[in-house]
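# Structure assessment
Each chain is listed here by its residues.
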Amino acid sequence: MYQISELAAKVGLSRTALIYYEKQNLISGRRLENGYRVYSDKDLQRVRLIKQLLAGGLTLKECKVCLEAKVDKQLLQNRLKALDEEIAQKQQSRTLLAAMLGEGDLKAWHQSLDKLAPDAHLDWLIKQGFSEKEALRLKWLSKDMNEHDLYMADFMKVFETLERWGPGSETETQKALSLVPTAPTSILEVGCGKGLATKVLAEHSEAKITAIDNEQSALNRLAQRFEQQGISQRLETVCASMTELPFSKASFDLIWAEGSAYIMGVEKALTQWKPLLREQGYLMISDMVWRTEDPSCESIEF
């Protein structure tokens with residue numbers, strides 16, 4: 001026979017839990033003449049069995065049903081299904097946490113989160129220590145955060161000394177500008193880089209040009225280029241994010257974005273930039289797209 005404190009010690013439960021078990025008629029103590037309640041070895045084994053059933057995912061009420069009648073197979077099947085779903089969810093959680101610690105691939109997670117909550121995804125990346133430009137690139141590429149420092153170092157190593165940071169040419173810029181139906185007087189160039197397209201816009205229009213980029217070194221190179229050509233009075237450079245342009249509505253009659261809108265997403269760019277255009281204004285974007293429905297494996301890999 002065991003006093004309640006002894007039974008509690010043997011089964012690893014509190015006195016409160018055992019008292020509750022007794023109130024639910026799961027165990028049945030016997031009161032001695034001295035007033036103490038004692039429990040038999042049957043109660044001990046019953047509590048141990050209950051603990052096993054609880055560990056299998058059953059509720060205390062379901063444990064009682066199993067102890068007092070034939071096992072309900074449907075009940076167990078339902079519990080098994082629920083447990084499998086919980087295990088799958090826990091495994092997803094573990095995979096995510098492991099990837100965030102550098103033990104796995106976060107690409108799929110970035111892709112799914114960017115579809116579900118793109119703005120929150122961007123804010124979260126910035127809170128992790130990435131600059132906005134890095135976060136936008138990372139979001140677009142859906143790269144593993146743990147490889148990003150190396151990626152960015154490689155990116156700047158390749159592009160830093162180059163004048164042109166995106167696809168295109170001066171000839172293509174001039175051709176696109178010639179297709180604009182009216183002569184612009186105020187141009188906003190988004191993602192100007194070092195200003196190769198800006199130079200063409202200045203040479204083939206009389207417009208005042210506002211060039212924005214979030215890389216100050218590129219803007220410095222652009223300002224230097226215009227200063228050398230003696231046309232700096234037509235240029236204003238602004239270091240800002242393309243996602244939060246600091247301009248009033250209807251400020252420009254032409255918005256120019258060569259190879260940059262993809263960074264925030266073309267659909268989002270069109271939505272956010274359109275209010276900045278004056279009535280009958282125009283917007284030019286260029287983007288990298290497949291020109292065939294069956295691109296080669298080499299092209300896809302590149």
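These lines cover the structure that appears in this document, whether it is placed above or below. In this text, all values refer to a predicted model and were calculated from it rather than measured experimentally. Every chain is numbered on its own, with residues counted from 1 as its sequence reads. With the structure being a predicted model, the display of local features is reserved for residues of pLDDT at least 70 and the display and counting of side-chain atom pairs for 80 or more, all residues being used for whole-chain, interface and lining totals. For side-chain calculations, the full set of non-hydrogen atoms in the structure is used, while hydrogens and water are omitted.

## Quick word on the overall build of the protein chain
The helix count covers DSSP runs of H or I at least four residues long, the strand count covers runs of E at least two residues long, and both are numbered beginning at the N terminus. Scanning the protein chain for helices and strands turns up 14 helices and eight strands. Radius of gyration (C-alpha) of the protein chain: 34 Å, far over the 19 Å computed for a compact globule of 302 residues. Expressed along its principal axes, the backbone C-alpha trace of the protein chain runs to roughly 110 × 45 × 40 Å. Only protein chains enter the area calculation, which uses a 1.4 Å probe; residues under 20% of their type maximum are buried, those over 50% are exposed, and those in between are partly exposed. Looking at the protein chain residue by residue over its 302 residues, the buried ones come to 34%. Across the protein chain, every contact between residues at least 6 apart in sequence was considered, and the portion connecting residues at least 24 apart equals 58%. Here the protein chain has roughly 18,900 Å² of accessible surface; of this, 52% comes from carbon and sulfur atoms. The charge count treats Lys and Arg as positive and Asp and Glu as negative. His and the chain ends do not count. To locate a charge, take atom NZ for lysine, CZ for arginine, CG for aspartate or CD for glutamate. The protein chain carries 39 positive and 43 negative side-chain charges, and their two centres are separated by 11 Å. For the radius of gyration, the atoms used are the C-alpha atoms, and the globule rule reads 2.2 Å times the number of residues raised to 0.38. The contact criterion used is simple: two residues touch if any of their non-hydrogen atoms lie within 4.5 Å. All accessible areas in this document rest on Shrake-Rupley with a 1.4 Å probe, and a residue is counted as covered only by the protein chains that are shown.

## Topic: the pattern of salt bridges
One side-chain nitrogen of Lys or Arg within 4 Å of one carboxyl oxygen of Asp or Glu is enough to make a salt bridge. Following the criterion strictly, the structure yields five salt bridges and no others. With its nearest N and O atoms 2.4 Å apart, the salt bridge here joins Lys 268 to Asp 119. Taken together, the residues span a long stretch of sequence, with Lys 268 in helix H13 (residues 266-273) and Asp 119 in helix H7 (residues 118-127) at a distance of 149 residues. Judged by relative accessible area, Asp 119 falls into the partly exposed class, the value being 44%. Lys 199 is paired through a salt bridge with Glu 203; the nearest N and O atoms lie 2.9 Å apart. Of this pair, Lys 199 and Glu 203 both sit in helix H11 (residues 196-203), separated by four residues, roughly a single helical turn.

## Observations concerning the pairing of strand S4 (residues 186-190)
Most of S4 sits inside the fold, with five of its five residues counted as buried. By definition, two strands form a pair when at least two bridges between them are found by DSSP. Direction of pairing for S4 relative to strand S5 (residues 208-213): parallel, over a ladder of five bridges. Within S5, the residue paired with Glu 189 across the bridge is Ala 211. Each parallel crossover has a hand, and the one from S4 via H11 to S5 is right-handed. For S4 and strand S7 (residues 252-258), the ladder comprises three bridges, and the chain directions are parallel. Opposite Ile 187, over in S7, you have Leu 254 as the bridge partner. For crossovers, right-handed means that the path from the first strand over the helix to the second runs clockwise, given strands pointing away from the viewer.

## Let's talk about the packing of aromatic side chains
The aromatic pairing rule takes the rings of Phe, Tyr and Trp, using the six-membered ring of Trp, and pairs them if the centres are within 6.5 Å, calling planes under 30 degrees apart stacked, those over 60 edge-to-face and the rest tilted. Taken as a whole, this structure holds one aromatic pair when the rule is applied. Considering the side-chain rings of Phe 247 and Phe 252, the 5.3 Å spacing of their centres and the 90° angle between planes classify their relative orientation as edge-to-face.

## Thoughts on the environment of Ala 202
As for its placement among the helices and strands, Ala 202 is situated in helix H11. Among the residues examined, Ala 202 registers a relative accessible area of 4% and is labelled buried. C-alpha separation for the pair Ala 202 and Ile 231, spaced 29 residues apart in sequence, amounts to 8.3 Å.

## A look at the sheet that holds S7
A sheet is described by the order of its strands in space; here five strands give the open sequence S6-S5-S4-S7-S8, paired in parallel fashion. One side of each edge strand has no neighbouring strand; the edge strands of this open sheet are strand S6 (235-239) and strand S8 (277-286). Averaged over all pairs of adjacent strands, the angle between strand axes in this sheet comes to 15°, irrespective of strand direction. Between N-to-C directions, angles span 0 to 180 degrees; the directions come from axes that are lines fitted to C-alpha atoms, helices contributing only their stretch in contact. Set on the sheet, helix H12 (residues 216-229) makes contact with S5 and S6; between it and S6 the angle comes to about 170°. Against the sheet, H13 contacts S4, S7 and S8, and its axis sits at roughly 160° relative to S8.

## Concerning H7
For H7, every residue scored as buried is listed here: His 121, Leu 122 and Leu 125. All buried residues of H7 project into a common sector of 95° when viewed along the axis, lining one side. Taken from the residues just after H7, Gly 129 is the one with a positive phi, measuring 110°. The reported arc concerns the directions from the helix axis to the C-beta atoms and nothing else.

## Let's talk about the packing of helix H1 (residues 4-11) against helix H3 (residues 41-55)
Each packed pair of helices is defined by two parameters, the angle between the axes and the distance between the axes. At a minimum axis separation of 10 Å, H1 and H3 run at an interaxial angle of 40°. Relative to H3, the element H1 is oriented oblique. For H1 against H3, the interelement crossing comes out right-handed. Contacts between H1 and H3 involve Leu 7, Lys 10 and Val 11 on the former and, on the latter, Leu 44, Val 47, Arg 48 and Lys 51. Its residues placed into classes, the contact of H1 with H3 shows four nonpolar, no polar and three charged. The labels follow the angle: roughly parallel below 35 degrees, roughly antiparallel above 145, roughly perpendicular from 65 to 115, and oblique for the rest. Here is the rule for handedness: rotate from the far helix to the near one, and if that takes an anticlockwise turn smaller than a right angle the crossing is left-handed, while a clockwise turn gives right-handed. Residue polarity follows a fixed list, in which Ala, Val, Leu, Ile, Met, Phe, Trp, Tyr, Cys and Pro are nonpolar, Asp, Glu, Lys and Arg are charged, and the others, Gly among them, are polar.

## Describing unusual backbone geometry
The residue Asn 25 is not glycine, and still its phi comes out positive at about 60°. Tracing the backbone shows Asn 25 in the loop between helix H2 (15-23) and strand S2 (30-31). Judged by its relative accessible area of 55%, Asn 25 is exposed. Phi is positive for Gln 280, which is not a glycine, with a value near 65°. Of note, Gln 280 is situated in strand S8.

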